[in-house]
Amino acid sequence: LASFVREGRGREMIDREVALPNLIGLLGNSDHGIQLASLGLINSLLAAATVERKGDMVRSLQERTARSLIVDHLLEGRDKEGVVGHQLYLLQHHMLSLLLVRLNTAIQPQDGAALQKIKDLRSTAFDTGSPSVKNNTRYAQDHKKLGFNNVKDPSMDFLATPPGILALDCMDYFAKQHQEQFMKVVLENSCRQDNHECPFAASSCELVSLLANILGVGQPPLPLATRYHEMFFKVEHPFEEFYSYSVVLLNKTWREMRATREDFTKVFDVVKEQIESSLVPRPKTFEQFRSNVKSYGEISRRWQSDAKSREAWSKSAPVAELKTHLAPEIEDLIR
């Protein structure tokens, strides 16, 4: 059936007649061959589905029952590098590929839901519950504290694609699902000197683009890859959770580096290294991912050590001899 779907033969009939809940249920079958065949067919259907249909399928796969079957029967004690590993990599790829639409969609002026998310960010951070007069000046001050570039109309910050509206989705998720951490991040930066605050909104837009790039969102699947992240199958909103842990890391690193806005690129170079190195041991949970993260000091010392090694190599006798040998040819090319 999977080959029929890949070849386009009877694809719609198979999708219609072979109910996805039944395929998901077969992931818990005691026969490993049936588990693998079901997973392969699910991946083939996901690869062939329209964006709308894929969205429905992914939401079903992210429900608690489906996640439990995947964790209990496909992740525990299985070969991470074999055929099952490749199918789990494909499943992760298809689930994350849904983000591409939001990643490449700019905010629209008539998008009431998105505009409400911006209002919710401000009210969650700064409304204390006591009555107070709010005017445009006060709102602009709040938007500045939240790190928006356009304090008069913060929706303008979500016109660039990527990260598009996905950045706002992640910020909204963080504020609502991790409210204590959100408040801590925003208020901590509100109290910093103007040139040392980490702009929450601006840095979130950059972070979402970075995370999407690290995870290969929008890239075609690799034919033999087996590198999936177990922690992504254990939560309903994996990318948003990944962002939530990473934005806390970003603020911690910003503080450790005593960074200013001029150091924006430097900070993200460090954060990229921290995230990628933390994923190498393939953490099973987001808490393990967090505990794997190396501090800025560790990253800095390693980079310094690498730089010294490169310098020593470049000054070695064989390299010096090679430079001398090639110098005339290089000079000829320049001329």
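Predicted, not measured: the structure shown is a model, and the values here were computed from it. (Residues numbered from 1 in each chain as written. Predicted model: local features only at pLDDT ≥ 70, side-chain atom pairs only at ≥ 80, totals over all residues. Heavy atoms only, no water.)

1. Side note on the overall build of the protein chain
Assigned secondary structure in the protein chain consists of 18 helices and 0 strands. Sorting the 335 residues of the protein chain into buried and exposed places 44% on the buried side. A separation threshold of at least 6 residues defines the contact pool for the protein chain, and within that pool the share at least 24 residues apart is 74%. (Helix = DSSP H or I, 4+ residues; strand = E, 2+ residues; numbered from the N terminus. Buried < 20%, exposed > 50% of the residue type's maximum accessible area, 1.4 Å probe, protein only. Contact = heavy atoms within 4.5 Å.)

2. Concerning the pattern of salt bridges
In this structure the tally under the stated criterion is 14 salt bridges. Residue E256 pairs with K252 through a salt bridge whose shortest N-O separation is 2.6 Å. One end of the pair, E256, and the other, K252, are both in helix α14 (residues 238–256), 4 residues apart, so they sit about a helical turn from each other. E256 sits in the partly exposed class, given a relative accessible area of 29%. Using a relative accessible area of 37% as the deciding quantity, one classes K252 as partly exposed. The partner of E273 in a salt bridge is R302, with the nearest N and O atoms 2.2 Å apart. Placement of the pair is E273 in helix α15 (residues 264–279) and R302 in helix α17 (residues 296–314), with a sequence separation of 29 residues. The class of R302 is partly exposed, set by a relative accessible area of 35%. (Salt bridge = Lys/Arg side-chain N within 4 Å of Asp/Glu carboxyl O.)

3. Comments concerning the state of the cysteines
Taken as a whole and assessed by the stated rule, the structure comprises 0 disulfides. Residue C205 stays outside any disulfide, its sulfur separated by 9.9 Å from that of C170, the closest cysteine. (Disulfide = S-S within 2.5 Å.)

4. Quick look at the nonpolar core
One recurring pattern in soluble globular proteins: nonpolar side chains tend to sit buried together. One finds L207, F242 and Y243 to be the most contacted residues of the largest nonpolar core, which totals 55 residues. Of all the secondary structure elements, the ones that give two or more residues to this core are α8 (99–103), α9 (112–126), α11 (164–177), α12 (179–190), α13 (200–214), α14, α15 and α16 (286–292). The contacts of L207, once residues within four sequence positions are left out, are Y243, S246, V247, L250, F268, V271 and I275. Listed in part, the 28 residues of the second largest apolar core include V58, L69, L88 and A225. (Core = buried A, V, L, I, M, F, W, Y, C linked by side-chain atoms within 4.5 Å.)

5. Points about the packing of aromatic side chains
Under the counting rule described, the total for this entry stands at 12 aromatic pairs. Note on W254 and F264: the rings are 6.1 Å apart at their centroids and 75° apart in plane angle, and the pair reads as edge-to-face. Of this pair, W254 sits in helix α14 while F264 sits in helix α15, and the two are 10 residues apart along the sequence. Three or more aromatic residues joined by ring pairs make a cluster, and in this case those are F232, F242, Y245, F286 and F289. A cation over an aromatic ring shows up here: R282 above the ring of Y228, its NZ or CZ 5.0 Å from the ring centre. (Phe/Tyr/Trp six-rings, centres within 6.5 Å; stacked < 30°, edge-to-face > 60°. Lys NZ or Arg CZ within 6 Å of the ring centre and 35° of its normal.)

6. Quick look at the side chain of S204
Mapped onto the fold, S204 is located in helix α13. With residues near it in sequence (within four places) discarded, S204 still touches M171, P199, Y243 and V247.

7. Quick look at the environment of L115
Mapped onto the fold, L115 is located in helix α9. As a C-alpha pair, L115 and L168 span 53 residues in sequence and 9.6 Å in three-dimensional space. Not counting the four nearest positions on each side in its chain, L115 is found in contact with I107, P109 and S155.

8. Structural notes on the environment of K284
Checked against the element boundaries, K284 lands in the loop between α15 and α16. Take K284: its relative accessible area is 36%, and that puts it in the partly exposed class. Note: C-alpha distance between K284 and H229 (55 residues apart in sequence) is 7.3 Å. Apart from residues lying up to four places away in sequence, K284 is in contact with E230, M231 and K234.

9. Description of helix α6 (residues 64–75)
Those residues of α6 lying buried are A66, R67, L69, I70, V71, L74 and L75. Contact partners of the buried residues in α6: α3 (20–26), α4 (32–48), α5 (51–61) and α7 (83–97).

10. Quick look at the packing of α9 against α12
Remark: α9 packs on α12, axes separated minimally by 9 Å, with the N-to-C direction vectors making an angle of 80°. With respect to their mutual orientation, α9 and α12 come out roughly perpendicular. Facing L121, T124, A125 and F126 of α9, the residues of α12 in contact are Q179, F182, M183, V186, L187 and S190. Here the contact of α9 with α12 is composed, by residue class, of 7 nonpolar, 3 polar and no charged. (Axes fitted to C-alpha atoms, helices over the stretch in contact; angles between N-to-C directions. Parallel < 35°, antiparallel > 145°, perpendicular 65-115°, else oblique. Nonpolar A, V, L, I, M, F, W, Y, C, P; charged D, E, K, R; others polar.)

11. A look at unusual backbone geometry
Here the residue pair T161 and P162 is connected by a cis peptide bond, since its omega of -15° sits within 30 degrees of zero. Looking at the secondary structure, you find P162 in the loop between α10 (136–145) and α11. Positioned with a positive phi, R258 is a non-glycine residue whose angle comes to about 50°. Along the chain, R258 turns up in the loop between α14 and α15.

Scope: geometric values only; no functional claims are made or implied.
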